[in-house]
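Summary of structural features
Here is what each chain is made of, one letter per residue.
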Amino acid sequence: MIPAEQNNGEFLIVGQGIAGSLLAYFLLKKNHPIKVIDKRLPGATSDIAAGIVNPITGRRLVKSWRFEELFAHAKKTYSDLEAFLDIPIFKEKNILRALPSVFDENEWERRSSFPENRPYFCKTAELGNYFNLTTPAHAWGELSGAAKVDLPALTAKFRSYLFENEILIEEEFDFEKMKIDKSGVRYNSFSYNKIIFCEGARVVDNPYFNYLPHSPSKGELLLVKIPNVEVDKILKNQLYLVPLGNDLYWVGSTNSFNFQGYAPTIAMREYLESTLRNILQVPFEIIKHNAGIRPTVADKRPLLGNHPQHPQLVIFNGLGTKGASLGPMFAEQMADNLLNETEIDKEADIDRFEENGSRKK
Ligand SMILES: Cc1cc2nc3c(=O)[nH]c(=O)nc-3n(C[C@H](O)[C@H](O)[C@H](O)COP(=O)(O)OP(=O)(O)OC[C@H]3O[C@@H](n4cnc5c(N)ncnc54)[C@H](O)[C@@H]3O)c2cc1C
């Protein structure tokens, strides 16, 4: 039994990707004591993601789930974090999309007339210097209302803040060292009120939450250098090309549900390099090749909530392909739930699943 006086209500957060960082930020803002345990393990994704916030996605040009709400939370949270960490994080950007066929052009016209899509479809596409950079397409479209979030910079600077304030424990969480008790949960020689797991795709190794329908997907990308071209918009021409400044570009990505290991693969490097060669009219130099595992869920919705038998154990995960946009709103919701037991969105609550991982009727 853990003596209650040793438990001062502190929470332990496992994982400091974008999920763990944003949750820690909201809890600290509300003056709640926390510790964060994280070891950058292979497969972690926030360090390598492009951070695109995209209102309209896929070949079918579908409006992203609850986009306006998520975007408003993201813009506010990231601008607060820019002031807190004193670094640029959030930038609104347009996305240029190649429309490779008559079908795509017609679909663009059709979708742009939907009332909920109208604010995001520009009347014309302005290629600017992309005209000389990328190969011609059948037609072009341009989306407004998108953004780019610098997830690697945010998580790195926030990590330094946690370290300097003695909040960060830089080691791998070991379930052998965890003991659940009525008054909380003990880890190593310390007592916590709750442990919140934000392990990204590593959640599949968590014996308490691996019953949920996780469906991790591996993504690979290239960082390339393309000298002397001034562009600012994001380009989608088979691959995404995201200008990072200083002649550097993020190029990706691949998406595989059937993968082995965390490391970047030769096959995907070849695919990315040859596709890039097809869509660029200028030479480029590959600077880096990275891979990460997205914490995707079968129904593509986040995972928030207490373990059905052990309410001291909590999960905040399932940000899938959209951590940059889903993170802020759901991290704040998670923090409010932890502190005030406010309701979790039904679509994100893990209570939507049975303990065998199937969807409740
Ligand atoms: C190629 C690629 C491109 C992407 N592009 C975009 C994009 O443009 N826009 C977008 O919104 N999203 C994008 N994503 C998705 C985005 O990266 C994820 O949604 C997001 O980063 C998930 O964050 P997370 O905090 O849940 O997980 P992670 O970032 O993986 O963080 C989990 C952390 O927990 C640590 N951890 C896990 N287990 C333990 C343990 N036992 N002990 C200690 N530490 C542990 C890990 O090492 C890691 O540091 C992309 C993903 C990939 C792979």
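Residues numbered from 1 in each chain as written. Predicted model: local features only at pLDDT ≥ 70, side-chain atom pairs only at ≥ 80, totals over all residues. Heavy atoms only, no water.

**Considering the overall build of the chain**
Helix and strand content of the chain: seven helices and 19 strands. Taken over the C-alpha trace, the chain has a radius of gyration of 21 Å; the compact-globule value for 361 residues is 21 Å, and the two agree within 12%. For the chain, the share of sequence-separated contacts (at least 6 apart) that also reach a separation of at least 24 residues comes to 74%. Summed over all atoms, the accessible surface of the chain reaches about 17,100 Å², with 50% contributed by carbon and sulfur. (Helix = DSSP H or I, 4+ residues; strand = E, 2+ residues; numbered from the N terminus. Rg over C-alpha atoms; globule rule 2.2 N^0.38 Å. Contact = heavy atoms within 4.5 Å. Areas by Shrake-Rupley, 256 points an atom, 1.4 Å probe, with all protein chains shown as cover.)

**A word on the site of the ligand**
Taken together, 36 residues lie around the ligand, and Lys-39, Ser-46, Ile-52, Phe-173 and Gly-320 are the ones closest in. In the model, an oxygen atom of the ligand is placed 2.8 Å from a nitrogen or oxygen of the Asp-38 side chain. Interatomic distance of 2.8 Å between a side-chain N/O atom of Thr-45 and an oxygen atom of the ligand. When the free accessible area of the ligand is taken as 1,000 Å², the share hidden by the protein chains comes to 96%. Here the residues of the shell around the ligand sort into 14 nonpolar, 13 polar and nine charged. Looking at which domains feed residues into the shell around the ligand, each of domain 1 (4–46 + 153–214 + 298–352) and domain 2 (217–294) gives three or more. (Near = heavy atom within 4 Å. Polar contact = N/O pair within 3.5 Å; in protein donor to acceptor, adjacent residues only side chain to side chain. Nonpolar A, V, L, I, M, F, W, Y, C, P; charged D, E, K, R; others polar. Domains from an automatic or database assignment.)

**Remarks on the domain arrangement of the chain**
Examined at the domain level, the chain breaks down into domain 1 (4–46 + 153–214 + 298–352) and domain 2 (217–294). The distance between the C-alpha centroids of domain 1 and domain 2 comes to 30 Å. If you look at the interface, domain 1 gives eight residues, while domain 2 gives four residues. Of all residues in domain 1, Gly-43, Thr-45 and Ala-201 give up the largest surface area on contact with domain 2, accounting jointly for 53% of the area buried on that side. Our enumeration of links across domain 1 and domain 2 arrives at zero salt bridges. Across the contact surface, domain 1 and domain 2 share two residue pairs in polar contact (both at pLDDT 80 or more). (Buried area = accessible area lost by both parts, 1.4 Å probe. Salt bridge = Lys/Arg side-chain N within 4 Å of Asp/Glu carboxyl O.)

**Considerations on the pairing of strand E2 (residues 34–37)**
For a regular strand, the rule is simple: side chains alternate between the two faces of the sheet. Sheet topology note: the strand E1 (residues 11–14)/E2 ladder contains four bridges and is parallel. Bridged to Ile-13 within E2 is Val-36. A crossover connection joins E1 to the parallel E2 through helix H1 (residues 18–29); in handedness this β-α-β unit is right-handed. (Pairing = 2+ DSSP bridges. Right-handed = clockwise from strand over helix to strand, strands pointing away.)

**Digging into the sheet that holds strand E16 (residues 248–252)**
With mixed pairing, the eight strands of this open sheet are ordered in space as E3-E7-E6-E14-E15-E16-E13-E17. The strands lining the two open edges of the sheet, one partner per strand, are strand E3 (52–53) and strand E17 (285–294). Both strand E6 (residues 90–99) and strand E7 (residues 139–149) contribute to a ladder of nine bridges, which runs antiparallel. Paired with Leu-96 across the strands is Glu-142, a residue of E7. The strands that helix H2 (residues 67–85) touches are E3, E6 and E7; relative to E6, the one it contacts most, it runs at about 135°. Of the strands in this sheet, strand E13 (217–225), strand E14 (234–237), strand E15 (239–245), E16 and E17 touch helix H6 (residues 266–279), which is tilted by about 50° from E13. (Axes fitted to C-alpha atoms, helices over the stretch in contact; angles between N-to-C directions.)

**Re the nonpolar core**
Judged by nonpolar contacts, the single largest core of 67 residues is most densely connected at Ile-13, Leu-23, Tyr-78, Ile-196, Phe-316 and Phe-330. Looking at this core, you find at least three residues from each of domain 1 (4–46 + 153–214 + 298–352) and domain 2 (217–294). If we ignore the near neighbours within four places in the chain, the residues touching Tyr-78 are Ile-18, Leu-22, Ile-89, Phe-90, Val-149, Leu-151, Leu-154, Gly-323, Ala-324 and Pro-328. Core analysis: the second largest hydrophobic core is formed by 22 residues, Leu-133, Trp-140, Ile-279 and Leu-280 among them. (Core = buried A, V, L, I, M, F, W, Y, C linked by side-chain atoms within 4.5 Å. Buried < 20%, exposed > 50% of the residue type's maximum accessible area, 1.4 Å probe, protein only.)

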